[in-house]
Structures are given as C-alpha cells and as structure tokens.
Amino acid sequence: MLVTLGFLMVAVFMFLILTKRATPVVGLTLVPVAFGLLAGAGLGIGDMITDGIKSLAPTAALLFFAIIFFGIMIDVGLFDPLVKFILRLVRDDPMRLVVGTAVLAMVVSLDGDGSTTFIIVTSAMLPLYLKLGVSPVVLTVVAGLANATMNIIPWGGPTVRAASALGLSPSDVFVPMVPSLVVGLIMVLGFSVHLGIMERRRIGTLVLTSERILEKVGNGGTSSAGTPRTGGTDNTDGLGNTDDGGDTGRFIDGLDPKRDTLRPKLLWFNAALTTILLVVLVMDVLPIPVLFMIASSIALAVNFPAVKDQGEAIARHSASIVSVVAMVLAAAVLTGVFQGTGMVEAMAEWLLQVIPDAMGSHLAVITGVLSIPLTFFMTNDAFYFGVLPVLSETAAQYGIEPVEMARASITGQAVHMQSPLVPAILLLVTLAGVSLADHHKKVLWRAGLISITMLVVGVALGQIPF
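Residues numbered from 1 in each chain as written. Predicted model: local features only at pLDDT ≥ 70, side-chain atom pairs only at ≥ 80, totals over all residues. Heavy atoms only, no water.

1. Observations regarding the packing of aromatic side chains
Part 1: Applying the stated rule across the entire model yields 3 aromatic pairs.
Part 2: A ring pair is formed by Phe-69 and Phe-292, whose centres lie 6.3 Å apart and whose planes are at 75°; its orientation type is edge-to-face. Remark: Phe-292 occurs in helix H12 (residues 288-303) and Phe-69 occurs in helix H3 (residues 45-75); sequence separation between them is 223 residues.
Part 3: Judged by its relative accessible area of 0%, Phe-69 falls in the buried class.
Part 4: Aromatic pair Phe-191 and Trp-445: ring centres 5.8 Å apart, planes at 85°, arrangement edge-to-face. Residue Phe-191 is located in helix H10 (residues 178-203), and its partner Trp-445 is located in helix H21 (residues 436-460); the two are separated by 254 residues in the primary sequence.
Part 5: Among the residues examined, Trp-445 registers a relative accessible area of 45% and is labelled partly exposed. (Phe/Tyr/Trp six-rings, centres within 6.5 Å; stacked < 30°, edge-to-face > 60°. Helix = DSSP H or I, 4+ residues; strand = E, 2+ residues; numbered from the N terminus. Buried < 20%, exposed > 50% of the residue type's maximum accessible area, 1.4 Å probe, protein only.)

The structure is reproduced here in structure tokens:
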C-alpha cells in the first residue's frame, strides 16, 4: 500500500504542477497531507511535517538572507559594471548571451553551492535577458542544466554522499567520471547554442543605443522603446511560452543609471564585502545561513543608514523572499511525509524486488537509470544513504564493486537538481520570474538526455560495468 500511495502521490503532485492546476506551495502541502493521512499517519503527520521543516529551516534562512544581500548589491549598483561588460561581449546577439549564461553558471558552480550560483548568475544576467527581450525561461533552463551537470564535483554533495554511504574515497568515485562530466558540459553548451539560435530567430537583432533605448532590427521592421514591433507575428519565446515582452524596450530598474538606490561611493566596499563573503563561504568557516545573515546586516547598515531606508530595501525584495521561502517550507511537508510514513523505504524495496535475477549483472546500469527518477522524487540524503547501500549490497553478489555503483548513482544529478525538493531550483525560478511548470516542461527532457549520456559514456569507458 505504501508503494502505491508513494507513486500516486508523486504522480498527482506532478500532474497538478505541470498542468498549472495548483501552485507549487499548494501542491507541496495539500497532496502530501492527503496521502499521508491515507497512509495511516493520523495525528502523527504533524510530527512528520515538523521534522521536515526542522531539516530545511537552515536552507530557508539561507535563501531569505541571500536574497536580501544580493538584492541590495543589485540596488546599489555593484553588478552594473559587470552587466555593461557582458553587454559589450554579447553585442547584438542573443545566442552569445545564452552561451555566456551557460559558461558563467559552469564557472560559478565550482563553489559547489547551487543557491549561490543561481543568485550570482541571475543577478548578472536577468537584466540583460529582460533588456534584450530574451525569455527568462531560457536563463533558468541553461543555468539549471549547467549547475546540475557540475553538481557531481566532489564538494558538490552527491559524490560525497555516495562515497560516505559506501565507505569510499570521493576522488575514487569522481575522477574516473571526469570524461562523463566533460561530455555533459558539452551537451549543455550545445543546448545553449540551440536555444540561443531559437531566440535569435524569434527576436531578430537588438542593439543598445547611446540613450539606453533598445531598438529592434530584423523580422521585417525596426522598433524602439515603447513602440510595438512591426515585423513578424510570432509572440512566443521560442520555447512555446507567450512572450509578454512584445515591446522590446522595457526598462529594467536593475540597469537604471539614475535610480535612487545607487551607491557609487561605496562600490569598492560592497565589492570587498561580497568577495569576503564568497571566500569565507568556500572556506566553510561558519554555516552559510549565518554568513548571509551577518553580511546582509552589514550591507543594510552601511548602504542604508536610515532605519526607514533599511525597511524599504528589504520590502523591495519581499515578493521573492516570501515566494521562495514558502516553497522551501512547503517542500518540507513532502519530505517529512515521504520519510515519516516509510514510503521512501517501501518504494526502494519494491524496486529491488521487481528487478529480475537475470538483470543482476547489470545492476550498476540499472542504478544509474533509477537514479534519474528516484533522486528527482526524493532528497539526495534519502537516496544515497537509504537506497544506494541496499542496491550496492545486492550488486556485490554479482561481482559489482561499490565504487562502480557509486559512479553510476551520480549520473542522475542533472535531473535531480530540477526537483521541486531542491531549494536552489525554487530560488532560480523565483528570481527569474518563471513558473516551475514552464521550467520543467523545457528542462526535464534535456536534463534526462544529459544524465543518460553521462551514464553511457561511463559504461563505454569501462568506469561503470554493463
């Protein structure tokens, strides 16, 4: 019964989200509660949800103060020089912007923290996407794929978990998988080029005039800020989503050179504060939520000494804060019910039972394939510490080494990072103003192809036994 309820819960949740019949917060809350009660949780469901909230509370605090900090940095103009520099590199080509987004996301992902990566990438690139009329969905897809593929680095999380669960060295798991990682990154760049070309065809050529007004050239005509384009009839973003920016001259506050929140005299202070924050973050001296709480308070006090201005600075980003923190806490409901009712363990045991004995020698590949849906519907901790050891113990009977099982298990991370259970992806879509449903529709099949390809490369090179 738990197995059936577990799969039904996931199916109902995904149906409601992808068909936009419920917001992620509503779906993540009501669906698990309903199925938890059907599973016999009774009043104990309160404790299950509380446990889930406790486990994700630090993440909620991190996102709360991270949004405030980087929001302040955008307000005061810290990223303006970077945006202008990128704009010069991009020139009039949307494809360069999309590929540049992928490269930036890959580089920043080296810190191993998805939330930080998405905050930095979105802060730097989203104003350009909106300014040039490129769909923000493209940003979330490209950034999400780049970060997800890079997530197998040893300090990123899943590799350490897999190694710890099986008593292995992270380097023994990761190093042989470097060719798979390289191929995965090449695929991300390929998808970026394709998406960029689609956007180029849709919006034509865009240039930024000296008056900071966008003009559109191509697709049968020229238009300037506030003037509807005269050429072409396609009002989609190339991804099947309606382009709300039919007028290509939308002015983005983040690039307004005359906005009241600019603090040019404090540019070097803010740059130093941000640099110190990121350095200390990588050094792992203090918990990340604590670092952002301290940094946000310093940024507010120095840039906005007046109490009223501090309140307004926080209020400017309240919509993003409420949205992402609400989704994180709602995700805690799903996690708590999954764990508390025993659905996760029951589903894993069922999968082991349905695998025929004749397939035992292929258990490493089966694990790689299973990691794609399983890590999407459960946390990395649940999969690597709950499911992987059972799979590895079974595989040992067929002569498959634990390290080979660990390598196969990390290939599903490209899909895992798109899960609504991953706070970082909720932060990404919130900051970009993209619905989770639109993101999933365009990213999941691409992420699935990357995961399968990384698994195939690992098998082809002998790192994962077939």
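2. Some points on the environment of Ala-346
Part 1: Tracing the sequence through the fold places Ala-346 in helix H15 (residues 343-354).
Part 2: Residue Ala-346 is classed as buried on the basis of its relative accessible area of 16%.
Part 3: Sequence separation between Ala-346 and Gly-6 is 340 residues; the distance between their C-alpha atoms is 8.5 Å.
Part 4: Discounting chain neighbours no more than four positions away, the residues touching Ala-346 are Leu-2 and Val-3. (Contact = heavy atoms within 4.5 Å.)

Function cannot be read off these values alone, since they describe shape.
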